[in-house]
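The residues making up each chain are set out below.
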Amino acid sequence: GIVNLGGDLKIIGAHPNGSAWRVGIQHPRDKNNVWKTLKLKTGALASSGDYERCMVIDGVRYGHILNPKTGYPVRYLAAVSVVADLCVVAGSAATIAMLKEKDGEKWLKSLGLQSYTFKN
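This is a predicted model, so every value here is computed, not measured.

(A) Fine view of the pattern of salt bridges. Under the criterion given, the structure shown has two salt bridges. Measuring nitrogen to oxygen at the nearest pair gives 2.8 Å for the salt bridge that ties Asp50 to Arg29. Within this pair, whereas Asp50 is found in the loop between strand E5 (42-49) and strand E6 (54-57), its partner Arg29 is found in the loop between strand E3 (21-27) and strand E4 (30-40), the two being separated by 21 residues in sequence.

(B) View of the side chain of Ser81. Tracing the sequence through the fold places Ser81 in strand E8 (residues 77-84). In terms of polar contacts, Ser81 uses its side chain to reach the side chain of Ser47, at 2.5 Å. Apart from residues no more than four positions distant in its own chain, Ser81 is found in contact with Ile25, Trp35, Leu45, Ala46, Ser47, Gln114, Ser115 and Tyr116.

(C) Structural detail: the packing of aromatic side chains. As enumerated under the stated definition, the model contains one aromatic pair in all. Taking 5.6 Å as the distance between ring centres and 85° as the angle between the ring planes, the aromatic pair formed by Trp35 and Phe118 counts as edge-to-face. Here Trp35 is found in strand E4, whereas its partner Phe118 is found in strand E9 (residues 114-119), with 83 residues between them in sequence. Here the two residues Trp35 and Phe118 agree in accessibility, since each one is buried.

Conventions and cut-offs
- Residues numbered from 1 in each chain as written.
- Predicted model: local features only at pLDDT ≥ 70, side-chain atom pairs only at ≥ 80, totals over all residues.
- Heavy atoms only, no water.
- Salt bridge = Lys/Arg side-chain N within 4 Å of Asp/Glu carboxyl O.
- Helix = DSSP H or I, 4+ residues; strand = E, 2+ residues; numbered from the N terminus.
- Polar contact = N/O pair within 3.5 Å; in protein donor to acceptor, adjacent residues only side chain to side chain.
- Contact = heavy atoms within 4.5 Å.
- Phe/Tyr/Trp six-rings, centres within 6.5 Å; stacked < 30°, edge-to-face > 60°.
- Buried < 20%, exposed > 50% of the residue type's maximum accessible area, 1.4 Å probe, protein only.

In structure tokens form, the structure reads like this:
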């Protein structure tokens with residue numbers, strides 16, 4: 001089955017016939033479209049980005065993830081989705097990658113987690 005934890009997904013085994021679940025990740029700039037489709041039999045998927053909780057002022061998007069050094073919203077990555085064994089790991093890694101800005105993708109690769117990034 002699949003448990004939706006406020007947008008973070010926990011996959012608990014394959015379909016009864018053994019096939020993987022098809023899981024769509026929302027496009028960060030077009031909420032009516034899917035950006036990526038994954039096939040998962042187990043694990044967790046979590047996403048972080050500037051597209052759900054944000055405001056646009058004079059054409060500039062201001063997300064809710066703030067750089068603690070500057071106090072301003074992060075700007076380099078628009079969205080990060082991570083697959084891990086646990087939702088807390090996937091969600092934490094996705095948000096930390098957003099906070100790491102230009103170093104986020106390299107950091108995710110160093111963790112060895114399956115991840116997808118969408119740049120601004």
